[in-house]
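Structural overview
Spelled out from the first residue to the last, the chains are:
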Amino acid sequence: MSAPSVTSFLKAYADDLTLNTRNVIDMQLAVDDTDRWLKWTETMKAKPSKCIALGCKLFAKKIKNERFVPLTDSIYSPFDPKIVISGQPMRFIVNPNEKDPFKATHFKFLGRWLNPLLKENDIKNRLRTSLIDDIDKIEQSKINGFMRLWLYQFYVLSHLSWPFLIYDLDKSFAEDLQRNINMKLKRWAGICRTAENGLLFRSRKNFGLGLTSISDFYQKMQLTKCELLRQSKDNSIQELYKSREVKNAKYSRMWKATKAATVANAEVDLHLKFPSQAGNKGLGFGNFNPNPSLVEKRSMVTSKAMDFNEESRIAHSVSLKQQSIWLCWSDSVSPFDLSWKNLIWSGTSPHIFRFVLSSSINWVRTPNMLKLWGYTNNSCCCLCGADKCTLHHIISECLFSLSQHRFTWRHDSVLKQIYQTLSDFITSFNQQNTASVTPQIHFVKAGATSYQLKQAKQSHRPSLLHNANDWKLLVDLPDCNYVFPPEIYGTSERPDLVIWSVKLKKVILFELTCPAEEGIEAAKIRKQAKYAPLTEAISIAGWKSVLFTVEVGARGFIPTSSHHPFNKLGLRGTQVNALMSRISLISAKCSYAIYLASNSKAWDQQRALVEN
Ligand SMILES: [Zn+2]
């Protein structure tokens, strides 16, 4: 084994031994010496049946009386060096007696199959076949699409981890494997086959399904190998890595793990020396460890490289005209809960998740898309006859649907869920005695953990309801006899929820809107403007008033600002999150029903509200 400054005659790992020499005579001597040494120990013995010999040399035509037979016709060829160990011949790597054609031409050493020509084509084919076998096995199982995707993520990829770590394959091979199975993954996820691949592989915070692509997985394993070799305690291994790094640096267009590792390492080092702000909490917040262990550093490097891939997926999304719609609202709304727990165990229909995923890129079978794909000639709305019937039109704009109260039904379903949560909260709040509803200064002992601090903060956060326990709640739902409380102010206006305390002369108004995600900001401004005169009039009447607008996206995405009113009322973070995931699901369920009914003018206006 040789590299610019590394030579090695012997490599050993546990009871596996490799001997390298320049010629056959030296090799026979080395084998004899090794055999003698093994016998001397009296506890160890060579097993000739398990040993393999391989020679490689130049077979020049002018040399007569050639002792060895070349394996191939090329000038440089492997050959059987006919080494003998304890009088028994050592087997050549090619084994004509083996029935399996792969095993006949390969030898497995320390978990890696070696080919006499040092080629990896057969290994690639073997990997491809085994991947397709795994995928077919999953395809034949009687489980739903998301369960199949779970098996892809945690079973199929894990089969690839070892070969991706030890073989020097190439990125294009990994991409090719991915291409072979992409259609199946999309079918399992229930998304259109022409939908962009990023929908499967973008992280959940970027509105994707969060699967790992085979190409990403290959890069991750190769980077892990690079880091293991680079950080090796053995100087020779470090030298070998450096020589490979120098060699690979010459390939300017090809992806090489050493080049990616260099860039990712530089980024990680920069971050460790000059930490930047994480999230919107300000400089210095979050868990920052300036002295990571080798394992932590390795995981930082791989995740940094994965960040680059995520960025390129987002950049690709930006370049798409139709499927980039999610970028319009990605900064202001929370992603839908697409955790495996929710996808598999929540009992929610997979059709809802499919609708949410596809609607986030507007890649749904709506009249305008069907025309674009060439299935139909017109893109008119079946209900109101509008020229271009987009998903946005169907779920929030169609005047016919509006007149049939389809959108009101969705709004009221969400409102009912909010009402139930607030009603329970206010009932339990009113049951406390006045002393405990008065805010107190809460002291935290020195040395308290950050978790204890957070708990203390949450349980003693000032609430708008403090200092009274005569709170009343009124909701504008179909079966409630809603009249704005005349003791506050006489008006025909109907904010969706009214919470008031006569004792404090304080009123909190909630207005809920379920616009399409594109219109969330506009809806907020519209509603605030609409109720500004009412809050003003209430203030003049001597009451303190607070107006909250809550927006819930029609596709099921909720703006982060919609958490705020519930936090102000004093609900715990977990309560607010649970409420948000419930209303997000209800909104998506209703919009899915509205979408399915968009080709029929019949609509039951007495339809029961959707509950969780
Ligand atoms: Zn319409």
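Rules behind the numbers
- Residues numbered from 1 in each chain as written.
- Predicted model: local features only at pLDDT ≥ 70, side-chain atom pairs only at ≥ 80, totals over all residues.
- Heavy atoms only, no water.
- Donors = N, O, S within 2.8 Å, 3.2 Å for Na, K, Ca; no water.
- Tetrahedral: all angles 85-135°; square planar, octahedral: opposite > 155°, others 65-115°.
- Helix = DSSP H or I, 4+ residues; strand = E, 2+ residues; numbered from the N terminus.
- Pairing = 2+ DSSP bridges.
- Axes fitted to C-alpha atoms, helices over the stretch in contact; angles between N-to-C directions.
- Core = buried A, V, L, I, M, F, W, Y, C linked by side-chain atoms within 4.5 Å.
- Buried < 20%, exposed > 50% of the residue type's maximum accessible area, 1.4 Å probe, protein only.
- Domains from an automatic or database assignment.
- Contact = heavy atoms within 4.5 Å.
- Expected span 1.5 Å × (residues − 1).
- Bend = angle between axes of the 7 residues up to and from the residue.
- Parallel < 35°, antiparallel > 145°, perpendicular 65-115°, else oblique.
- Nonpolar A, V, L, I, M, F, W, Y, C, P; charged D, E, K, R; others polar.
- Phe/Tyr/Trp six-rings, centres within 6.5 Å; stacked < 30°, edge-to-face > 60°.
- Lys NZ or Arg CZ within 6 Å of the ring centre and 35° of its normal.
- Polar contact = N/O pair within 3.5 Å; in protein donor to acceptor, adjacent residues only side chain to side chain.
- Salt bridge = Lys/Arg side-chain N within 4 Å of Asp/Glu carboxyl O.

Another point: the coordination of the zinc ion. The coordination sphere of the zinc ion, as far as protein atoms go, consists of Cys381 (SG), Cys384 (SG), His393 (NE2) and Cys398 (SG), spread over 2.1 to 2.3 Å. Coordination at the zinc ion comes from four donor atoms whose angles at the metal span 102 to 115°, giving a geometry best classed as tetrahedral. Between the donor residues of the zinc ion, the gaps in sequence give the motif C-x2-C-x8-H-x4-C. Residue Cys381 is located in the loop between α14 (367-372) and α15 (391-397), and its partner Cys398 is located in the loop between α15 and α16 (399-403); the two are separated by 17 residues in the primary sequence.

On the basis of which strands lie adjacent, the open sheet formed by four strands has the order β14-β15-β16-β17 and mixed pairing. Two strands lie at the open edges of the sheet, namely β14 (471-475) and β17 (544-551), each paired on one side alone. Neighbouring strand axes in the sheet, compared pairwise and without regard to direction, differ in orientation by 15° on average. Both β14 and strand β15 (residues 497-501) contribute to a ladder of five bridges, which runs antiparallel.

If you look at the biggest cluster of nonpolar residues, it comprises 108 residues, and the most contacted ones within it are Tyr152, Phe164, Leu209, Ile214, Phe510 and Leu569. Per-element accounting of this core gives the leading share, 11 residues, to helix α21 (residues 573-596). No fewer than three residues from each of domain 2 (122-277 + 289-328) and domain 3 (406-434 + 449-588) sit in this core. In this structure Phe510 touches Leu422, Pro495, Asp496, Leu497, Ile499, Phe548, Val550, Pro565, Phe566 and Leu569, once residues within four positions along its chain are discounted.

Take the domain arrangement of the chain next. Here the domain parsing of the chain yields domain 1 (10-117), domain 2 (122-277 + 289-328) and domain 3 (406-434 + 449-588). Taken over C-alpha atoms, the centre of domain 2 sits 44 Å from the centre of domain 3.

It is worth spelling out helix α19 (residues 520-540) at this point. Compared with an ideal rise of 1.5 Å per residue, which puts 21 residues at 30 Å, α19 spans 30 Å between its outermost C-alpha atoms and is within 8% of the ideal. At Tyr531, α19 shows its largest bend, some 40°, and a proline, Pro533, comes one to four positions later. Within α19, burial applies to Ile520, Ala523, Lys524, Lys527, Tyr531, Leu534, Thr535, Ala537 and Ile538. The inward-facing, buried residues of α19 contact β13 (333-334), β16 (506-513), β17 and β18 (558-559). A positive phi of about 95° marks Gly542, the residue just after α19.

So, about the packing of helix α7 (residues 214-230) against helix α8 (residues 235-248). Packing of α7 against α8 brings their axes to within 8 Å, and their N-to-C directions diverge by 130°. For the element pair α7 / α8, the angle class is oblique. Of α8, the residues touching α7 (which contributes Cys226, Leu229 and Arg230) are Ile237, Gln238 and Tyr241. When its residues are assigned to classes, the contact of α7 with α8 shows four nonpolar, one polar and one charged.

Among the secondary structure elements, Ile325 is positioned in the loop between α10 (294-319) and α11 (326-329). Taking the C-alpha atoms as reference points, Ile325 and Asp470, separated by 145 residues in sequence, lie 46 Å from one another. With residues near it in sequence (within four places) discarded, Ile325 still touches Ser359, Ser360, Ile361, Asn362 and Glu518.

Where two aromatic rings form a pair, the distance of their centres and the angle of their planes describe that pair. As enumerated under the stated definition, the model contains 23 aromatic pairs in all. Every member of this aromatic cluster is reached through a ring pair, and the members are Phe164, Phe217, Tyr218 and Trp255. Geometry around Phe400 places Lys601 over its ring, the cationic atom sitting 5.4 Å from the centre. A cation over a ring is seen here: Arg607 above Trp409, with NZ or CZ 5.7 Å from the ring centre.

Turning our attention to the side chain of Glu551. Summarising the element assignment, Glu551 is placed in strand β17. A distance of 3.0 Å separates a polar atom in the side chain of Glu551 from a polar atom in the side chain of Thr549. Non-local contacts of Glu551, meaning those with residues more than four positions away in its chain, are made with Thr513, Ile520, Lys524, Ile558, Pro559, Ser561 and Ser562.

Among the structural elements, Arg91 can be located in strand β10 (residues 91-92). When its relative accessible area of 32% is taken as the criterion, Arg91 is described as partly exposed. Between the C-alpha atoms of Arg91 and Leu54, which are 37 residues apart in sequence, the distance is 8.8 Å. Not counting residues within four places of it along the chain, the set of residues in contact with Arg91 comprises Cys51, Ile52 and Ala53.

What follows is about the pattern of salt bridges. With the rule as written, the count across this model stands at 22 salt bridges. For Asp136, the salt bridge is made with Lys184, and the minimal N-O distance between the two is 3.5 Å. Taken together, the residues span a long stretch of sequence, with Asp136 in helix α3 (residues 121-140) and Lys184 in helix α5 (residues 171-189) at a distance of 48 residues. On the accessibility criterion, Lys184 (24% relative accessible area) is partly exposed. With a closest N to O distance of 4.0 Å, Arg179 and Asp176 form a salt bridge. Of this pair, Arg179 and Asp176 are both found in helix α5, three residues apart, which corresponds to roughly one turn of the helix. Exposure remark for Asp176: the relative accessible area of 25% places this residue in the partly exposed category.

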